[in-house]
Amino acid sequence: MAYPDVIICGAGMAGAATAYQLCVRQGMKNVVLIDERPPLTLTSSRGTQAYRNWWPGPGDTMVQFMNRSIDLLEEVAYASQNVFSLNRRGYVYFTADSTRSPKMRASAAEISAFGGGTVREHPGAIPYQPSAANGFSDAPDGADLLFDPALIRSVFPYIADDMIAATHARRCGWFNAPQLGRWLLEQAQANGVRIIQDRVVGMTAEQGRFQSVQLSSGESINGGSLVIAAGPLLKEVAALLGLNMPVINELHGKITFHDHLHVLPNDAPFLIGDDPIHIAPYGQLPAGVHLRTKGDPDRQQLIVVWAYDTKPSETIFPPKFDPAFADILLRGITRLIPGLAAYIGHTDQVVVDGGYYTRTRENRPLIGALPVDGAYVIGALSGYGVMAAQAAGELIGTYIAGGALPSYAPAFAPDRYADPKYVALLDDWDALIGQL
């Protein structure tokens, strides 16, 4: 068998999207995808599996990047008859703080100017349109600002009574990430991808150019190009090629439980608390507790996530969580949805799992060419991997094919850290900007 044109290390969503882009969209017929685990089982299915184009600055980079990724998600949804259940229920951010309303308006105007879509205020000339439970076509874009507490309570009767303002970002929702990944891989395999379940234990380069990977089985595979899509193992895998990637891992978890009391309607959008929360005995914790529904109405589950602890973590599989984690998340989400207080004290009925956000200092990804010729990276996708993977995979495919790069490509290129002006900007960069 001829040497593969491209070897992809990592079969998470980023690797699957890259394989799809190379074989289905770029027409390559000899690509190898290597992972020691079954595809999509390390981190790609561990989060909320949600997506959004609602991103703050600096600049329009993330909005343009996510808009392109959502374009591609929608293309795949049409091609697959929406086998992965893409919806457009939106993200709704709530606040009980009167000082937040002007900030919500300013943030919405900024993101709209970046390409996030039209902003509508309520009360206003245009009536508020609730989101549809299913599907994604014919949905509003942009965002709706709700500054009428009575309107908020009428649309979201389960939300705490003191919430006075809300932003409903509309080009947002969620989908079944494992099903999407399986479909991408099925299409890629039908067009030339070969999947090898093995561990990459070594890499070789000669005269500054990538040559081969070595597997734990003893096999050595030469290839034309290499794509490192190793998720939370990015640093370890890149080190096999003598590269030190500027990333850290943070452990982030979620809880899932059966909403047998039917506190939330099954068609609720993605719900986010935009205020810090004080929880005795845990103290003051940051804003960002969020929740979505999962499953059909008869067996509805709720998924709750809260990134209240963002310190770097040792990477351990399976990850280990604070024994108080489930209790903290349950108590936190009741600040937003008081009816969920009925579940406090029943953490034995809660499933805790999660994975690692692999992120750069400024929380932007690494996508592009590496210092070793023929080697590329698609990584540091932080907590937005499943939503960004389509545009990220397309970008890698464009690099390999030598096509015209999109405007956002330089912002993600690994060599950006060689620019002293860019590095100087990082001193004043909010590393958590855009992260829920």
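Residues numbered from 1 in each chain as written. Predicted model: local features only at pLDDT ≥ 70, side-chain atom pairs only at ≥ 80, totals over all residues. Heavy atoms only, no water.

A. The arrangement of the side chain of serine 80 in detail. Examined against the element boundaries, serine 80 turns out to sit in the loop between α2 (61–79) and β4 (91–95). A distance of 3.3 Å separates a polar side-chain atom of serine 80 from the backbone nitrogen of valine 83. (Helix = DSSP H or I, 4+ residues; strand = E, 2+ residues; numbered from the N terminus. Polar contact = N/O pair within 3.5 Å; in protein donor to acceptor, adjacent residues only side chain to side chain.)

B. Quick peek at the sheet that holds strand β2 (residues 31–35). Reading across the sheet, the six strands line up as β9-β2-β1-β13-β22-β21 and stay open at both edges, with mixed pairing between neighbours. At either end of the open sheet lies a strand with only one pairing partner, and these are β9 (193–197) and β21 (366–369). In this sheet, adjacent strand axes meet at a mean angle of 20 degrees when their direction is disregarded. With five bridges joining them, β2 and β9 adopt parallel strand pairing. Across the sheet, leucine 33 pairs through a bridge with isoleucine 195, a residue of β9. Running at roughly 165 degrees to strand β1 (residues 6–9), helix α1 (residues 13–25) makes contact with β1, β2, β9, β13 (225–228) and β22 (375–379) of the sheet. (Pairing = 2+ DSSP bridges. Axes fitted to C-alpha atoms, helices over the stretch in contact; angles between N-to-C directions. Contact = heavy atoms within 4.5 Å.)

C. How the structure looks around the packing of aromatic side chains. Applying the stated criterion across every chain, the model contains 21 aromatic pairs. When the ring of tyrosine 78 is compared with that of phenylalanine 136, the centres are 5.0 Å apart and the planes differ by 65 degrees; the resulting orientation is edge-to-face. With tyrosine 78 in helix α2 and phenylalanine 136 in the loop between β5 (119–122) and β6 (143–146), the pair connects residues that are 58 residues apart, well separated along the chain. Since its relative accessible area comes to 8%, phenylalanine 136 is described here as buried. Through a chain of ring-to-ring contacts, the aromatic side chains of Tyr91, Tyr93, Trp174 and Phe270 assemble into a single cluster. A cation sits over an aromatic face here: arginine 37 above phenylalanine 317, 5.3 Å from the ring centre. Looking at arginine 52, its charged tip hangs above the ring of tryptophan 55, at a distance of 4.0 Å from the centre. (Phe/Tyr/Trp six-rings, centres within 6.5 Å; stacked < 30°, edge-to-face > 60°. Buried < 20%, exposed > 50% of the residue type's maximum accessible area, 1.4 Å probe, protein only. Lys NZ or Arg CZ within 6 Å of the ring centre and 35° of its normal.)

D. How the structure looks around the environment of asparagine 82. Within the secondary structure, asparagine 82 sits in the loop between α2 and β4. Distance from asparagine 82 to asparagine 176, taken between C-alpha atoms, is 10.0 Å for residues 94 residues apart in sequence. Each residue touching asparagine 82, except ones within four places of it in the same chain, is listed here: Ala77 and Phe136.

E. Expanded view of unusual backbone geometry. The omega torsion of the bond from histidine 122 to proline 123 falls at 5 degrees, within 30 degrees of zero and hence cis. Here proline 123 lies in the loop between β5 and β6. For the bond running from alanine 280 to proline 281, omega is 5 degrees, close enough to zero to count as cis. One non-glycine residue, asparagine 82, lies in positive phi territory at about 50 degrees. Its identity is not glycine, yet serine 85 carries a phi of approximately 55 degrees, on the positive side. In this fold, serine 85 is placed in the loop between α2 and β4. A relative accessible area of 45% places serine 85 in the partly exposed class.

F. View of helix α8 (residues 385–401). When the terminal C-alpha atoms of α8 are compared, their 23 Å separation across 17 residues agrees well with the 24 Å that a helix rising 1.5 Å per residue should span. Buried residues dominate α8, accounting for 16 of its 17 residues. Where α8 terminates, the next one or two residues include glycine 402, which has phi positive at roughly 75 degrees. (Expected span 1.5 Å × (residues − 1).)

G. Inspection of the nonpolar core at higher detail. In terms of nonpolar packing, the biggest core is built from 76 residues, with Ile8, Phe65, Tyr91 and Phe175 touching the most fellow members. One finds Ala166, Ile279, Leu302 and Ala324 within the second-largest nonpolar core, a separate group that totals 38 residues. (Core = buried A, V, L, I, M, F, W, Y, C linked by side-chain atoms within 4.5 Å.)

H. Examining the side chain of asparagine 87 more closely. Relative to the helices and strands, asparagine 87 resides in the loop between α2 and β4. Excluding its chain neighbours within four sequence positions, the residues that come into contact with asparagine 87 are Tyr51, Ala133, Gly135, Phe136, Cys172, Gly173 and Trp174.

I. Region of interest: α2. Taking 1.5 Å as the rise per residue, α2 with 19 residues should run 27 Å; its terminal C-alpha atoms sit 27 Å apart, in good agreement. Taken from the residues just after α2, glutamine 81 is the one with a positive phi, measuring 60 degrees.

J. Main features of the pairing of β22. Counting buried residues in β22 gives five out of five residues, a clear majority hidden from the surface. Here β22 shows two buried faces, one formed by Ala375, Val377 and Gly379 and the other by Tyr376 and Ile378. In the sheet, β21 pairs with β22 via four bridges, with the strands oriented antiparallel. Bridged to leucine 366 within β22 is glycine 379.

K. Region of interest: the sheet that holds β6. Strand order in this open sheet of nine strands is β5-β6-β7-β4-β15-β18-β19-β14-β20, and the pairing throughout is mixed. Sheet topology places β5 and β20 (351–359) at the edges, where each strand pairs with a single neighbour. Strand-to-strand, the axes of this sheet are offset by a mean angle of 20 degrees, without reference to chain direction. In this structure, strand β18 (residues 290–294) lies alongside strand β19 (residues 301–305), joined through five bridges in antiparallel fashion. In the strand pairing of β19, leucine 291 is matched with valine 304. Of the strands in this sheet, β4, β14 (248–258), β15 (270–273), β18, β19 and β20 touch helix α7 (residues 325–336), which is tilted by about 70 degrees from β14.

L. The environment of glutamine 21, seen in detail. Tracing the sequence through the fold places glutamine 21 in helix α1. For the pair glutamine 21 and arginine 335, spaced 314 residues apart in sequence, the C-alpha separation works out to 43 Å. Not counting the four nearest positions on each side in its chain, glutamine 21 is found in contact with Gln26, Leu72, Gln390, Gly393 and Glu394.

It is worth stressing that arrangement in space is one thing and function is another; only the former is reported here.
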